[in-house]
Structure formats: structure tokens, C-alpha cells
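Structural overview
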Amino acid sequence: MIRVLIWNEYKHELTSDWVKGIYPNGIHQVIAEFLRSDDIEVRTATLHDENCGITKEILDNTDVLIWWGHMAHDEVPDEVAALVRDAVLSGMGMIFLHSAHHSKPFRLLLGTSCNLTWRESHDSELLWVVEPAHPITQGIDRFFKLEREETYGEPFVIPTPDKILFLGSYSGGEAFRSGCLWERGNGKIFYFQPGHEGYPTFYVPEVQTVIRNAVRYLAPNIRLTVGCPNVRKVTDEKPYVRG
Ligand code: ZN
């Protein structure tokens, strides 16, 4: 069983009638619904929960954390962002969606501004598969199309990804690294650009397929916090101590 926690700041859906019309119970509930299956157990948390719904114990029991945030990144305490970073370093898988590129945990894990260029002009987007053999792109053809999406453009100020799985191209002319993978410590991180709150992106079958694939790919085999122990010679008994 893969234990997934979906975190959503859950603000636009409560303050904008337009967004509420698309996601009446919140973006997190739509993602939860398409992810839940025989081998995936789903919980949700939002900014409105105590401590943002994130504690060390909760993260210790999470295999993959999915994060959506936009207007309230600063309301996430630094301590919560540090807990998320530490969980990823120990092996937890992490998916950052769309505007989570500016979330505290993403910037903390990647160490750059994670700035990009953007525009809301109802562009359509083609998402091109760069790595057709990768587990996360399975079930997707050469590309898929989103009829409307917020435009994100380069330069995207991130460390060079270990792999680029998707390239986005927009009707307005921009190109963007729309699906990026990194490893940090024992954990894997996937950034996926689609998911603007003003469009029904999370109902698109291909978007759901990619997120489902990513959950299975990012789930860890082991959680292990590697410390910095002083060790004895290998010829001694018990030469290596984990921790
Ligand atoms: Zn957006």
C-alpha cells in the first residue's frame, strides 16, 4: 500500500466563485478521488488544519506527499517546510504541482529562487513527452493538449533537473520544462507544471495518469536518515553504525 498525503493551501476555492465552480470541495479532493485505488491510500491536509496538518509523525507515515499552493506560501511555517525537507532527504517521495514552484519546501529542497515567467491569457498548451520509456510518462502519447492553462515560461530558475520528462509549449509561444525530476538525499522529487486553479486541469485524464504514475515511481523502498557517525575500522566487530 502506498500512503499518499495531498496538501492543498485551499484558499482560492473558498474565496473565488470561479474557482469554487471548478473545484467545489477543493483541488485536494479531486486529486484524492482519482488517486484512491487498491494500492494507494490517500489522506488530505490543508493550511486550515492545526500546524497545516503536517507533523513529523504524519510525514513518517507518508510515502508520497503532493503539494499545491499559490497565494499563501508565506503562511506555511518555516518549521513545517523543514520537516518536509527532512522527510524527503530520508526517502519520502514528493510531487510539487504548478504554483508550488514557489512553495517553501520546494525552494528549500532545491536552493534557488525557483522564479519563472508567467501570464494568464488563456493559452492552450502542448505537453511533449521527452522520456517515452520513463515510468512516469507511461500511458501518454507523444504529447497531450490542455485547452487552457496558465502560461509558465523560461527561464525557470531551478538547479538542472536529473531528468526532464515533459516540455510544455504554449499557443503564446513560450516553452517550459514542465516535468522535472531530482533526487535529494534518499528521496525523489517531481515537479509538474499543469494545475492552475482557474482551469479544470485536474480533471484531464492525461494529467491524472501522470500524477498516478508519479506516485508509484516516487514511493520509497526504504526510509533512512543518514547521520554522520564516527565509525570504527572495518576489521572491528560492528564497524558501521547507521544513524
Ligand atoms: Zn496558477
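Just so it is clear, the model here is predicted, and its values are computed rather than measured.

A few points about the coordination of the zinc ion
- Ligation of the zinc ion by protein atoms is provided by H98 (NE2), E150 (OE) and H196 (ND1), these donors lying 2.0 to 2.1 Å from the ion.
- If you list the donors of the zinc ion from N- to C-terminus, the spacing comes out as H-x51-E-x45-H. Here H98 is found in the loop between strand 4 (93-97) and helix 6 (104-110), whereas its partner E150 is found in the loop between strand 7 (143-146) and strand 8 (151-153), with 52 residues between them in sequence. The burial state of H98 is the same as that of E150; both residues are buried.

Some points on the packing of aromatic side chains
- Taken as a whole and judged by the stated rule, the model has 13 aromatic pairs.
- Judged by centre distance (6.3 Å) and plane angle (55°), the ring pair of Y23 and F202 falls under tilted. Of the two residues, Y23 sits in the loop between helix 2 (17-22) and helix 3 (27-35) while F202 sits in the loop between strand 11 (187-192) and helix 7 (205-218), which places them 179 residues apart along the sequence. Taken as a pair, Y23 and F202 share a single burial class, namely buried.
- Measuring from centroid to centroid gives 6.3 Å for F144 and F166, while their planes differ by 80°, and the two rings are edge-to-face. Of the two residues, F144 sits in strand 7 while F166 sits in strand 9 (residues 163-170), which places them 22 residues apart along the sequence.
- Owing to a relative accessible area of 3%, F144 belongs among the buried residues under this scheme.
- On the accessibility criterion, F166 (0% relative accessible area) is buried.
- Members of the aromatic cluster, joined through ring pairs, are F96, F106, Y152, F156, F176, W182 and Y191.
- A cation over an aromatic ring shows up here: K188 above the ring of Y217, its NZ or CZ 5.2 Å from the ring centre.

With respect to the nonpolar core
- Membership of the largest hydrophobic core comes to 39 residues, with the highest contact counts inside it found for L35, I66, F190, F192 and F202.
- With near-sequence residues (within four places) excluded, I66 lies in contact with V4, L5, I6, W7, I31, L35, I95, L97, I211 and V215.
- Grouped together as the second largest cluster of nonpolar side chains are 33 residues, W7, L65, F176 and W182 included.

Examining the pattern of salt bridges
- A full pass over the atoms with the stated rule returns 11 salt bridges.
- With a shortest N-O distance of 3.6 Å, E131 and K163 are connected by a salt bridge. Of this pair, E131 sits in the loop between strand 6 (125-129) and strand 7 while K163 sits in strand 9, and the two are 32 residues apart along the sequence.
- The partly exposed category is assigned to E131, whose relative accessible area is 27%.
- Classification of K163 by relative accessible area gives partly exposed; the value is 34%.
- Within this structure, R119, D123 and E174 form a network of salt bridges that share partners.

What to know about the side chain of H28
- Considering the arrangement of structural elements, one finds H28 in helix 3.
- Residue class for H28 comes out buried when judged on its relative accessible area of 3%.
- Dropping the residues within four chain positions of it, H28 is found in contact with I6, N8, Y10, T44 and T46.

Things to note about the environment of I95
- When you line up the elements, I95 lands in strand 4.
- Residue class for I95 comes out buried when judged on its relative accessible area of 0%.
- The sequence separation of I95 and F192 amounts to 97 residues, and the corresponding C-alpha distance is 7.4 Å.
- Setting aside anything within four residues of it in sequence, one finds I95 in contact with V64, L65, I66, W67, F190, I211, A214, V215 and L218.

What to know about helix 3
- Burial analysis of helix 3 places seven of its nine residues in the buried class, which makes it a mostly covered element.
- Where helix 3 is concerned, the buried positions are I27, H28, V30, I31, A32, F34 and L35.
- Contacts from the buried residues of helix 3 go to strand 1 (2-8), helix 1 (12-15), strand 2 (40-46), strand 3 (64-68), strand 4 and helix 7.

Re the sheet that holds strand 4
- With respect to topology, nine strands assemble into an open sheet ordered 2-1-3-4-11-10-9-6-7, the strand pairing being mixed. Two strands bound the open sheet, and with one partner strand each, they are strand 2 and strand 7. Within the sheet, the average angular offset between the axes of one strand and its neighbour, ignoring direction, is 20°.
- Here strand 6 runs beside strand 9; their pairing, made up of five bridges, is antiparallel. Bridge assignment links L127 to a residue of strand 9, and that residue is G168.
- On the sheet, helix 7 packs against strand 1, strand 2, strand 3, strand 4, strand 7, strand 9, strand 10 (175-184) and strand 11 and is oriented at approximately 170° with respect to strand 11.

The rules behind the values
Residue numbers restart at each chain and count upward from 1, following the sequence in its written direction. Reporting in this predicted model follows two pLDDT cut-offs: at least 70 for local features of residues, and 80 or more for side-chain atom pairs to be given and counted; totals over whole chains, interfaces and linings ignore these cut-offs and use all residues. Working from all heavy atoms in the structure, the side-chain values ignore hydrogens and water. Only nitrogen, oxygen and sulfur atoms count as donors, using a 2.8 Å cut-off from the metal that widens to 3.2 Å for Na, K and Ca. Water is left out, so coordination shells may look unfilled. To qualify as a helix, a DSSP run of H or I must reach at least 4 residues; to qualify as a strand, a run of E must reach at least 2; elements of each kind are numbered from the N terminus. Burial classes follow relative accessibility: with a 1.4 Å probe on protein chains only, a residue under 20% of its type's maximum area counts as buried, one over 50% as exposed, and anything between as partly exposed. Centres within 6.5 Å make a pair out of two Phe, Tyr or Trp rings, where for Trp the six-membered ring is used; the pair is then stacked when the planes are under 30 degrees apart, edge-to-face when over 60, and tilted otherwise. Charge-over-ring placement is defined geometrically: NZ (Lys) or CZ (Arg) within 6 Å of the ring centre, and within 35 degrees of the ring normal. Here the nonpolar core consists of buried residues drawn from Ala, Val, Leu, Ile, Met, Phe, Trp, Tyr and Cys, with membership extended through side-chain atoms lying within 4.5 Å. Any pair of residues with heavy atoms lying within 4.5 Å of one another is described as a contacting pair. A side-chain nitrogen of Lys or Arg and a carboxyl oxygen of Asp or Glu constitute a salt bridge if their distance falls within 4 Å. The pairing criterion for strands is at least two bridges between them, as found by DSSP. For helices, the fitted axis covers only the stretch in contact; all axes are lines through C-alpha atoms, and the angles between them, taken along N-to-C directions, range from 0 to 180 degrees.

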